[in-house]
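Residue-level listing of the chains:
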Amino acid sequence: MALSESQQIGMWEEVLRLCRVHDGETVVVLTKPEARPENIKAARNACIQIGATTIHMEPHIGGSRLRENEVAMDAMRAADMVIDLVGLHLLRGGELPHIRAADTRILYVTEPPQALARMMPREDDKRRVYAAGRRIEAAKTMRVESDAGTNFECDLGEYPVLYEYGYSDDPGHWDHWPAGFVATWPNELSARGTIVVDRGDIVFPFKSYVQTPIRVDFADGFITGISGDFDADYMREFIESYNDRDGFAMSHVGWGLQPRASWTALGMMDKAQTNGNDGRAYYGNFMFSTGPNDDAGGPRDTLCHLDIPMRNCSVWLDGEPMVLKGEVVPEDQRAPGR
């Protein structure tokens, strides 16, 4: 069912108040020509109703990085909040740390209004995500297994925890709406073992469900082999096309905690109409990523990046189960009714 304009403004106002946007703050709305006009309009009108000043910015940067435009960077660093309706292809490559260091809050929103409404963030989402993140902060190792053949380990502690709960309320925090996910980046050169991406798992940015299993072998933090049928060939050639060894590195690892996200949602949408946040956040997934870690303070600044959420995996931290075959285990992370 389509949402009315007033409903969209209302839900945006609710989320922006969760983000602690208030009268007198300055909000930069980062847009592009193909950004959803309904989201632009609702975000602007919600800011007006709250009493915040909005600055609309639509940078055209060609082949350069956004961080090379000092006018744009200064505007975002000076703002109280940035609403990013553009996507990570602009705020990727070192921009985020510079903006967050100025205590600017950032909220990334590209999903259609119906998905935003279905996955409206709640304060309890933040509580559960932080409960999971505290476990990661205290852990030294992560182990992941699955009946499909995954047997993977990595060491932890060198990099911070990524908390995604759907709104950005703390100084310097970056988040998605919708979201519900916790992750971290393995210690350098520590990712080892095998991950088997099974039928039904999802690969982004392909926005497709895997049809044939993909065996991905890791050693010393990098992919050493990708084997299987068509899906494996496609993944391998995609990474190779960047001609950048860092594209084969392990990036972040974590699990989904959003019970209102749907594994099946991607199959019901046109690829151009979604960024795939359902797939990235659905409850009990294990997701690993490849490529950059510069946003976490690491050395890899590659543009080659895959996110791969997987079903039916088990995740342990220092031997304690966080997820068992797709079900979240710790009581403080479990969603009500699960």
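Use the structure listed above.
A. Summary view of the pairing of strand 2 (residues 53-57). Where strand 1 (residues 26-30) meets strand 2, five bridges bridge the pair, whose relative direction is parallel. Within the sheet, the bridge partner assigned to Val29 lies in strand 2 and is His56. Between the parallel elements strand 1 and strand 2, the chain passes through helix 2 (residues 37-50) in a crossover that is right-handed.

B. Molecular detail of the side chain of Asp278. Checked against the element boundaries, Asp278 lands in helix 8 (residues 277-281). Ignoring any residue separated from it by four or fewer positions in sequence, one finds Asp278 in contact with Arg118, Met119, Arg260, Ala261, Ser262, Ala265 and Met269.

C. Highlighting the nonpolar core. Ranked by size, the top nonpolar core spans 76 residues in total, and within it Trp12, Met142, Trp255, Phe286 and Phe288 carry the most contacts. Dropping the residues within four chain positions of it, Met142 is found in contact with Phe152, Glu153, Cys154, Leu156, Val253, Trp255, Phe286, Val315, Trp316 and Leu317. Core analysis: the next-biggest nonpolar cluster, separate from the first, contains 22 residues, Leu66, Met73, Tyr108 and Tyr159 among them.

D. Region of interest: unusual backbone geometry. Note the cis peptide between Trp177 and Pro178, where omega equals 5°. By secondary structure assignment, the location of Pro178 is in the loop between strand 8 (174-176) and strand 9 (181-184). Phe204 connects to Pro205 through a cis peptide bond whose omega is 15°. Although it is not a glycine, Arg20 sits at a positive phi angle of roughly 65°. Residues other than glycine seldom take positive phi values, yet Asn312 does so here, at roughly 60°. Take Asn312: it is sitting in the loop between strand 17 (306-310) and strand 18 (313-317).

Analysis parameters
Residues numbered from 1 in each chain as written. Predicted model: local features only at pLDDT ≥ 70, side-chain atom pairs only at ≥ 80, totals over all residues. Heavy atoms only, no water. Pairing = 2+ DSSP bridges. Helix = DSSP H or I, 4+ residues; strand = E, 2+ residues; numbered from the N terminus. Right-handed = clockwise from strand over helix to strand, strands pointing away. Contact = heavy atoms within 4.5 Å. Core = buried A, V, L, I, M, F, W, Y, C linked by side-chain atoms within 4.5 Å. Buried < 20%, exposed > 50% of the residue type's maximum accessible area, 1.4 Å probe, protein only.

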